[in-house]
Amino acid sequence: MSARLSVDTVLAGLDGIRSDLEAFYRDLHAHPELGHQETRTAARAAERLRAYGYDVSDRIGGTGVVGVLANGDGPCVLFRADMDALPIEERTGLPYASTAVDGDGRPVMHACGHDVHVTALLGAARLMAQARAAWKGTHIALFQPAEESGEGARAMIADGLADRIPKPDVCLAQHVLPYPAGQVLTRPGPALSATDNYRITVHGRSAHGSSPDRGVDPVVMASMLVVRLQTVVSREVSPLTPVVLTVGSIHSGANPNNIPETAEIQLNVRTYQEEVRQRVKDAIVRIAHAECAASGAPQPPDIDHFGTLPPTINDEETTRRVATSFSAFFGERARELGIQTASEDFSEIPKALGVPFTYWGFGGTDPALYARAAAKGTIATDVPTNHNAAFAPVVRPTLDTGVQAAVVSALTYLGNGAR
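Here we summarise the structure given alongside this text. No experiment lies behind these values; they were computed from the predicted model shown.

Parameters and conventions
- Residues numbered from 1 in each chain as written.
- Predicted model: local features only at pLDDT ≥ 70, side-chain atom pairs only at ≥ 80, totals over all residues.
- Heavy atoms only, no water.
- Axes fitted to C-alpha atoms, helices over the stretch in contact; angles between N-to-C directions.
- Helix = DSSP H or I, 4+ residues; strand = E, 2+ residues; numbered from the N terminus.
- Parallel < 35°, antiparallel > 145°, perpendicular 65-115°, else oblique.
- Left-handed = near helix turned anticlockwise from the far one by under 90°.
- Contact = heavy atoms within 4.5 Å.
- Nonpolar A, V, L, I, M, F, W, Y, C, P; charged D, E, K, R; others polar.
- Buried < 20%, exposed > 50% of the residue type's maximum accessible area, 1.4 Å probe, protein only.
- Pairing = 2+ DSSP bridges.
- Right-handed = clockwise from strand over helix to strand, strands pointing away.
- Core = buried A, V, L, I, M, F, W, Y, C linked by side-chain atoms within 4.5 Å.
- Polar contact = N/O pair within 3.5 Å; in protein donor to acceptor, adjacent residues only side chain to side chain.
- Salt bridge = Lys/Arg side-chain N within 4 Å of Asp/Glu carboxyl O.

**A look at the packing of helix H4 (residues 114-130) against helix H13 (residues 395-414)**
So, point 1. At a minimum axis distance of 8 Å, the contact between H4 and H13 shows a crossing angle of 50°. Comparing the axis directions of H4 and H13 gives the class oblique. In this structure, the crossing between H4 and H13 has a hand that is right-handed. Of the residues in H13, those touching H4 at Val 116, Thr 119, Ala 120, Gly 123, Ala 124, Leu 127 and Met 128 are Thr 398, Leu 399, Gly 402, Val 403, Ala 406, Val 407, Ala 410, Leu 411 and Leu 414.
So, point 2. Partitioned by chemical class, the residues of the contact of H4 with H13 number 12 nonpolar, four polar and no charged.

Now the structure itself:
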């Protein structure tokens, strides 16, 4: 049996499970759960995997789930899907829109498409189980918690993931993105950026607002720091090197007529090269200390470096093989993915297991909507992106494409004759 025949044989079952998958997806979308709270989602994934014949381990790293389907001698492929949602109030207007809230009453929404990822992997797992004569080896379906916080992959690794599964030969993952639905987009080498978060607390001396000369104003200090930090990218990094620095939070004081003791800013940095990453970090530290010294601060700033994620750098050969399979199956819908400034923790898993990986994107936007926006030059405003309250992948053909990509990529290694 050829590799293409293996793909056709496995995917022949898609028509028979499509309505069930779509119903599952809508239910999942309506019941989102935040990171480390994905108990319902994990239970539903585990239940389905067991029904398909997978050997299931759950509660890994909290709510992580892994299903292993051994099907004779051959390679071992691990495919990962993330499960968590975001603290965002949904504004899609969908009949299955989320009305869920967390324990603190915050609205919760699947604004990043992880519900698509879970459904697509479960669909692929079911099809692989139904057509075992078409492939050989071991298929691992991994459902990861807490991707949004960057904690889930590390939590599963720390909880002994490597000892609970056969060692894979390759790890695979995908993400729905605001491209036309039906497209699949791959990229060898650097695909996603590293991320680094910093919390900087500057110290002043409190005083009455009517007597600013009696204090040291941390609000002014923090404001100058925010402005000065913008020069790191524009003046200390080559314009040919992609770097993003965003100050996303600034807090100080409680009264309009009082100079407070401290001010805090939080910033996020995205880079692709370790040398640049270190250069930006050094600049942030240097500028923070210098601004405090220039303002006569009574003590140096406190700088907390947290929430780090590595860059996602796809293995060249793995990506080439998967991209070749995608081109053969999807034709002109197989495209190249531009470099992304988002970040992911997926690469922590193959890194810990010591195996190569590739990570790609697939479209979830209504193609007609995307085409209209492209023609008007309004993609940025008219096409909701991930983490937007209006982000709503079209069910068809997004789910079909996610399932197909998950199957085709796995069978690149597991399909009979595909070695």
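**Quick word on the pairing of strand E4 (residues 137-144)**
So, point 1. Among the eight residues that make up E4, eight are buried, leaving the element largely enclosed by the rest of the structure.
So, point 2. When strand E2 (residues 64-71) meets E4, the two strands line up antiparallel, connected through seven bridges. Bridge pairing in E4 links Val 65 to Phe 143.
So, point 3. Relative to E4, strand E3 (residues 76-82) runs parallel, the two being bridged by seven bridges. By the bridge assignment, Asp 82 is partnered in E4 with Gln 144.
So, point 4. Traced from E3 through H4 to E4, the parallel crossover comes out right-handed.

**A word on the nonpolar core**
So, point 1. With 60 residues, the main nonpolar core has Val 10, Leu 49, Tyr 54, Phe 143 and Phe 326 as its most contacted residues.
So, point 2. No other element matches H13, which puts 11 residues into this core.
So, point 3. In terms of nonpolar packing, the next biggest core, distinct from the first, is built from 24 residues, Leu 229, Leu 267, Val 269 and Val 276 among them.

**Considerations on the side chain of Ser 343**
So, point 1. For Ser 343, the location among the structural elements is in the loop between strand E15 (334-336) and helix H10 (348-353).
So, point 2. Judged by relative accessible area, Ser 343 falls into the buried class, the value being 13%.
So, point 3. At a separation of 2.8 Å, a polar atom in the side chain of Ser 343 contacts the main-chain carbonyl oxygen of Ser 193.
So, point 4. Of the polar contacts made by the side chain of Ser 343, one reaches the side chain of Arg 270; its length is 2.8 Å.
So, point 5. Not counting the four nearest positions on each side in its chain, Ser 343 is found in contact with Glu 147, Leu 192, Ser 193, Ala 194, Thr 195, Arg 270 and Leu 309.

**Here we look at the sheet that holds strand E12 (residues 262-271)**
So, point 1. Strand order in this open sheet of four strands is E10-E12-E8-E13, and the pairing throughout is antiparallel. Two strands in the sheet have a free side with no partner beyond their single neighbour: strand E10 (244-252) and strand E13 (302-309). Within this sheet the neighbouring strands show an average axis-to-axis angle of 15°, counted without direction.
So, point 2. Pairing geometry for strand E8 (residues 194-203) and E12, over 10 bridges, is antiparallel. Paired with His 203 across the two strands is Thr 262, which belongs to E12.
So, point 3. Of the strands in this sheet, E8, E10, E12 and E13 touch helix H8 (residues 274-294), which is tilted by about 10° from E8.

**Quick look at the sheet that holds strand E16 (residues 357-365)**
So, point 1. Read across the sheet, eight strands follow the order E1-E2-E4-E3-E5-E16-E6-E15 without closing on themselves; strand pairing throughout is mixed. The open sheet is flanked by strand E1 (55-60) and E15, the only strands paired with a single partner. The average angle at which neighbouring strand axes cross in this sheet is 25°, direction not considered.
So, point 2. Its contacts with the sheet place helix H9 (residues 316-330) against strand E5 (170-180), strand E6 (184-186), E15 and E16, and it is angled at close to 35° to E16.

**Some points on the packing of helix H3 (residues 39-52) against H4**
Helix-helix packing: each pair is described by the crossing angle between the helix axes and the interaxial distance.
So, point 1. For the pair H3 and H4, the least separation of the axes is 9 Å and the interaxial angle reads 10°. By the angle between their axes, H3 is roughly parallel relative to H4. Residues Ala 45, Arg 48, Leu 49 and Tyr 52 of H3 form the contact with H4, whose participating residues are Leu 122, Ala 125, Arg 126 and Ala 129.
So, point 2. In the contact of H3 with H4, the residues fall into six nonpolar, no polar and two charged.

**With respect to the pattern of salt bridges**
So, point 1. Tallied over the entire structure, the rule returns 22 salt bridges.
So, point 2. Between Arg 40 and Asp 27 there is a salt bridge, with the nearest N and O atoms lying 2.9 Å from each other. Of this pair, Arg 40 sits in helix H3 while Asp 27 sits in helix H2 (residues 14-30), placing them 13 residues apart in sequence.
So, point 3. Under the relative-accessibility criterion, Arg 40 is labelled partly exposed at 30%.
So, point 4. On the accessibility criterion, Asp 27 (22% relative accessible area) is partly exposed.
So, point 5. For the salt bridge of Asp 196 with Arg 277, the shortest nitrogen-to-oxygen distance reads 2.7 Å. In this pair, Asp 196 sits in strand E8 while Arg 277 sits in helix H8, placing the two residues 81 residues apart along the sequence. Summarising the burial analysis for this pair, Asp 196 and Arg 277 share the class buried.
So, point 6. Taken together, the shared-partner salt bridges in this structure form one network comprising Arg 80, Asp 82, Glu 344 and Asp 345.

**Notes on the side chain of Asp 82**
So, point 1. Inspection of the secondary structure puts Asp 82 in strand E3.
So, point 2. For Asp 82, a relative accessible area of 0% gives the class buried.
So, point 3. When near neighbours in sequence (up to four residues on either side) are disregarded, Asp 82 contacts His 114, His 117, Val 118, Gln 144, Glu 147 and Glu 344.

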